[in-house]
Amino acid sequence: MPALDLPRLIAHRGLSAQAPENTLAAVRAAHDAGIDWVELDVQLLGDGTPVIWHDRDVARCSNGRGRLATLDLAAARRLDAGAWFAPAFAGERMATLDEMLALLAELGMGVNLELKVNRGHDPAALAEAAVPTLMEALPFERRLVSSFDARALGVARALVGPERLALGALFDRVPRDWQARAEAAQAVSVHANWKPLKSERARAIKAAGYALLCYTANDPDAFAPRWDWGVDAVISDDPTQFR
């Protein structure tokens, strides 16, 4: 298996402290800040187009209303996905997965792509649409797919073996059966909410041979003890703080 070139610092939804989350602008901001990897969310529009978006609806991060599943690409393109963050980003559009991967390839960046399965969405359809596209765009060492949804991870693994695609098991509170879940997906990493994570669980994850990523940490001083637990990478809205 090729080595996964996992960095210590990953920008959450792009550099979302300085640009609207999950946009091309946020990824460019991360690159300009010297961050080599970003974490991004992918979902499907109602017409099946994979787009980079976190929420089930568009109200929080655009000037529109309604659920993502009710939009086609033309309707999504009409939304302003930047002005809500700051006037300087007015006119920023929702990025398709193709557009985002093209930018990442151009900039030489890596991505932790989360298969975001919101209520009412089909995890199999999402994995089937997103994974092959990712495989064509970036090399092994610069791609990692994660999800909270075991079904999405299962379909991703059925599509591509572990020698070609690294998967991460994503948890809020890491459960007692975390290893069984990680093994079921043939995952190489465990992704945990940093606040409820305990030292014993972190050390067990590392002892079992998994990479350990923690999200979404924005306080370097409060997070500092976790490095001694073996944490490999932190996912942050502003990872430059951790330098």
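Scope of this entry: the structure provided in the associated data block. (Residues numbered from 1 in each chain as written. Predicted model: local features only at pLDDT ≥ 70, side-chain atom pairs only at ≥ 80, totals over all residues. Heavy atoms only, no water.)

**A short note on the pairing of strand S5 (residues 143–147)**
Applied cut-off: For each residue, the accessible area found with a 1.4 Å probe, counting protein chains only, is set against the maximum for its type, and the residue is called buried under 20%, exposed over 50%, and partly exposed in between. Runs of E in the DSSP output that reach at least two residues are strands. Runs of H or I that reach at least four are helices, and both are numbered from the N terminus. Any two strands with at least two DSSP-identified bridges between them are counted as paired. The definition of a right-handed crossover adopted here requires that, viewed with the strands pointing away, the path from the first strand over the helix to the second runs clockwise.
Most of S5 is tucked away, with five of its five residues classed as buried. One ladder, built from four bridges, connects strand S4 (residues 110–115) with S5; its direction is parallel. Within S5, the position partnered with Leu113 by the bridge is Val145. One crossover worth recording links S4 to the parallel S5 by way of helix H4 (residues 123–137), and it is right-handed. One ladder, built from four bridges, connects S5 with strand S6 (residues 166–171); its direction is parallel. Bridge pairing in S6 places Val145 opposite Leu167. Chirality of the crossover, the property in question, places the unit of S5, helix H5 (residues 150–159) and S6 among those that are right-handed.

**Details of the layout of surface pockets**
Put simply, the rule is: Points on a 1 Å grid over protein atoms alone make up a cavity when a 1.4 Å probe fits among them but cannot get out, and a pocket when they form an open set with protein on both sides within 12 Å along at least five of seven lines; lining residues each have an atom within 4 Å of a point. Grid points are joined across faces, edges and corners, and a volume is the space filled by probe spheres set on the points. Residues were grouped as follows: Ala, Val, Leu, Ile, Met, Phe, Trp, Tyr, Cys and Pro as nonpolar; Asp, Glu, Lys and Arg as charged; and all remaining residues, including Gly, as polar.
Of the volumes computed, that of the largest pocket is approximately 160 Å³. Taken together, 13 residues line the largest pocket, and the ones lying closest to its centre are Asp149, Ala150, Leu153, Arg181 and Ala185. Listed by contribution, the elements that provide at least two residues to the lining of the largest pocket are H5, S6 and helix H6 (178–184). Among the elements that line the lining of the largest pocket, the one with the most residues is H5, at four residues. Per-class residue counts for the lining of the largest pocket are eight nonpolar, two polar and three charged.

Honestly, that's just the spatial picture; any functional story needs more than this.
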